[in-house]
Structures are given as structure tokens and as C-alpha cells.
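Residue-level structural notes
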Amino acid sequence: MTDPKGCTDNVGDHKTATSIDPSLVTLHETLRSLKNNNGDGLEIEAIKAKIRAQLPAVDTARQLPHKKTPSGRTKVLHMNYMHSQNETSVDIEREHLRFFAKIVQQLGLHLEILTDVSCQEEVKRELSKDNYPTLNYTVIISQTPASKWAEDSVEYLQNGQIAALRLLDNDLLEWAIKTGRRERWQRKMSAEKLEDVLRDHHLWILLGMRVNELKTGLERVRAAQAEGQKVGYIRAYVEGGNMISAEDAEGNPMVLVGKDAISATAHIYQLSDDDVRKVIAEDFGLENIEQVVCVEQPGKFHLDMGMLFIGNGVVILNNSSTALKDAVEMAELVPCDTTEQKAAKLKLQHSLEEDAAKDLQAAGLEVRRKALESEILLYNFFNGEFVEGSDGLNYYITNGGLKEQEKIFETLMVKEWQVVQKVFFSPQKAAQKSLQDQGGVGCRLKGSGQ
């Protein structure tokens, strides 16, 4: 398909090192058949052992991913530029490109843009305007269009290499994530209601499997390899927005990983949660599994949509208690499917936020609760990127909202928490359209130090 400006939106499915291994799918089919037919226990255990043997060897040079806290000192922002057929979407993509270019130029950063040939001239034409006379940027050409969500498919490691996600069978991954949610959420609602929530996850809490569905890492991998970079592969299914690389109060490295990623990987490879933590620790060169913190997603498909790690062991976590109270009151005043669904969804979200708070506190982190997002008013300040300007000061780039909301948030970041010099907000209308599409500034940008 081609949009009015000639930019395509089909993501190619090419044979690469991330190709799906059919043997893993076949083994799971055999395991499922044996369980359903009350198969021999020894045979079941033998199949499980074969599945565990499918876990690849370490392939990431045991390097930490770039930190997402201010201490990461992000100097480079990576984005993907693509279009769809919808003219409104075209405008949103251009709006974000202009916004990112403006901030990168102002702060003296470097902007790396991955785009396909059909959009290459448009990018260069847009950035050659008088608005960006000193912009430092690079355009990397992909064979086919890449998803605009640059955050989720790769990690930039501290040694300058990248690590990408391996592709899995989509049905197998969906089963694994839903199985994990079923086990964790079974006490929050009736079994019948839980099955409704899992089936209609797009109406409740979306499954975080966009990278696998869209194969978004393939073009980034090709681009890196074309430049002579070594590419490793992450063994756990951890989309970038569901992992936050950071540090504790003493400055020791740690990563927060959403429980969807932990339990999905555990089910796919027939491992325990601690086994998965060990896998992640090995991949990223962490000394022990306590540095891999399993965190319930706070009513969101990714951690970075409901929490913000501001550094040195301090995490800002969403607090939907007021929104829940208002929704329950509305459902009582105007009972109907719409109001009751909204109240039920917020009840689940609030419960998951409480679970996330307990997980973070159990890991020794300081948790501060703030309502910094709203699906009704369409703003989300959790989702963004910390960067270090050429002046050596820290800044934060996030999604725009109403001016009053922006002012309150910037006061928190600059004066109360004292973590940045200034907050940059994307244009409000573009931010709202992007959030309706299940992603914001923090999903469109990926930071690195070089």
C-alpha cells in the first residue's frame, strides 16, 4: 500500500537471524496434547526438557542496556519515520519529526532517523528548512518501512552494540502472556470475567507483543549490520518499553522488567520466574538476579506508560485512585455498559498499580505516587526520554497535554524533585493522536550515549 505522498507502510517479513524456530512451536503442541490426554508424566517432563534446551546461548556480550534515567546521559535520540495511508497520520508523523528536530538542535544532541527510500527525500526536505540550520542528524535507509515505535525492538548496549528481540510464533507468545496474566490476576475477579478480560485485552489492557507482531526490529538490525555493527539477541521477550534500565540509591545497576515479559518467557521456555531473571541478568552482565526486578505493569501494557524512574532508586508510580472514585460514582449515577466498563477497568488498573508499588518497595526502591496520565483527557507524562544537553544539564522530553497539566508536571520535575532543568512537551494534538494509537514520545524515541 502507498500513502498519498508515496510512503509505504508494509513491514517486510524477511529471513534473518530473528526468524521463528518452528521446532519450539511443535514441542509446545506435543506438550499440550500430552497434558490434554493425561499423558505419561515422564514423557511430559522429557518434552519440557527439550523445550528448555531451545533457549539460545548468551549473545549480548553481557553488556548493560543504556540507562533510561538521567544518569544515562543520553546524547543520541533514535527515531523511525514512516507513513500510513491516513493523511491525518502523515501530519502526526511530520509534527513529531519537527518537534524532535527542534529539541535536538536546541540541546545540541544528535538525531538518528531510520526511514525507507520512499520517505527519505521528504525527511531531508523537511530538515533542510531554515528552522534547523545547526541540526546534527543522520538518515539511515531501511529496505522496507519500519514501525514508528523505535523504543521497543532494540536495546543500545553500553559497549556501543545493539541487542534485538528474537521473533517468536505469535500465537505461542499470545498464549504465554495470557497464561501469565491468568495466574497473576485470578484473585482479582471471577474466572468468567477474567476470561473476558483476556479475550478482549484491547478493551482492558493491551498485550505487549507489538514488536513480534510487526517485526519492528528487523530493519534496525539490518541497518546496524550494514554499518558493520555486531548485533546480539535478547533471549527473554522484553519489549523496550517494558524494561527500565536504571540504578538504585547507591548507584548500583538494575533493571525493572514487566511481569508480562517474565511470565511469558517462563511459559515459552518452561522456566521458573527466577530462571528468567537469571537469563536477563546473564544477557546484561548483572551480578545477581536481585538486580532484575519483576514489576507488575500498572494497568498498562508497558511499564513506561505508568511509571517514571527519575534515578537513584526513586520511581514515580501512577495513582488512579481519584479517577477510580469518580468512575464508580458515575457508574452509580448513570448505570450503563459504558460507565460500568470504565469503572471495572479502573478498578483493575488501580489494583495492578498497588501490586506494582509492592514489587518496587520490596526491591528497596522509593515509590512516589502521582496521577500523571489520563486516558480520558489523553495525556501521559510518564512516557518520555531523559537527555543531557550540550550544557551538561538534564532535560526531559514527553507528551503534551493541557497547559495547566504541563505546568504542574514541570514544577514537580524541576522544583520539587529537582531532576531536570526543563521539560519539553510535544504538540498537544499530535500527542493525543499518538496516545490514541497506543504510544507516545517515549515509544517513538530510543536514547543512547553514542
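Look up: the structure comes first, before these words.
Figured I'd write up the structure that's included with this text. Computed from a predicted model, the values in this text were never measured in an experiment. (Residues numbered from 1 in each chain as written. Predicted model: local features only at pLDDT ≥ 70, side-chain atom pairs only at ≥ 80, totals over all residues. Heavy atoms only, no water.)

1. Brief notes about the overall build of the chain
Definition in use: Strands here are runs of E lasting at least two residues and helices are runs of H or I lasting at least four, both read from the DSSP assignment and numbered beginning at the N terminus. Using C-alpha atoms as the atom set, the radius of gyration is obtained and then compared with a globule rule of 2.2 Å times the number of residues to the power 0.38. To sort residues, take the accessible area from a 1.4 Å probe on protein chains only and compare it with the maximum for the residue type: under 20% means buried, over 50% means exposed, and anything in between is partly exposed. Contact definition: two residues touch when any of their heavy atoms are within 4.5 Å. All accessible-area figures derive from a Shrake-Rupley calculation using a 1.4 Å probe, and residue coverage is judged against the displayed protein chains alone. Counting rule applied: Lys, Arg positive; Asp, Glu negative; His and chain ends not counted. Every charge is mapped onto a representative atom, which is NZ of Lys, CZ of Arg, CG of Asp or CD of Glu.
The helix and strand inventory of the chain stands at 15 helices and 18 strands. Taking 450 residues into account, the globule formula puts the C-alpha radius of gyration at 22 Å, and the chain, at 22 Å, falls close to it. Expressed as lengths along the three principal axes of its C-alpha atoms, the size of the chain is roughly 70 × 60 × 50 Å. Going through the 450 residues of the chain one by one, you find that 56% of them count as buried. Within the chain, contacts between residues at least 6 apart in sequence are counted, and of these 76% link residues at least 24 apart. Accessible area for the chain stands at about 19200 Å²; split by element, carbon and sulfur atoms hold 48% of it. Charge separation in the chain, taken as the distance between the mean sites of 54 positive and 67 negative side-chain charges, equals 1 Å.

2. Points about the pattern of salt bridges
Side-chain pairs of opposite charge can arise where the charged atoms are in close proximity. Worth spelling out the cut-off: We define a salt bridge as a contact between a side-chain nitrogen of Lys or Arg and a carboxyl oxygen of Asp or Glu at a distance within 4 Å.
On inspection of all chains with the given rule, the structure shows 38 salt bridges. In this structure, Lys-48 and Glu-45 form a salt bridge, with 3.7 Å as the shortest nitrogen-oxygen distance. Within this pair, Lys-48 and its partner Glu-45 are both found in helix H2 (residues 41-52), separated by 3 residues, close to a single helical turn. Residue classification places Lys-48 among the buried positions, given a relative accessible area of 18%.

3. Here's the deal with the packing of helix H9 (residues 259-269) against helix H10 (residues 273-283)
Spelled out, the test is: Axis definition: a line fitted to C-alpha atoms, over the contacting stretch in the case of helices. Angles run 0 to 180 degrees between N-to-C directions. Put simply, angles under 35 degrees are roughly parallel, angles over 145 are roughly antiparallel, angles from 65 to 115 are roughly perpendicular, and the rest are oblique.
Two elements in contact, H9 and H10, have axes separated by 9 Å at closest approach and are oriented at 105°. As the angle between them shows, H9 and H10 are arranged roughly perpendicular. Where H9 abuts H10, its residues Ile-262, Ser-263, Thr-265 and Ala-266 lie against Asp-273, Val-276, Arg-277 and Ile-280.

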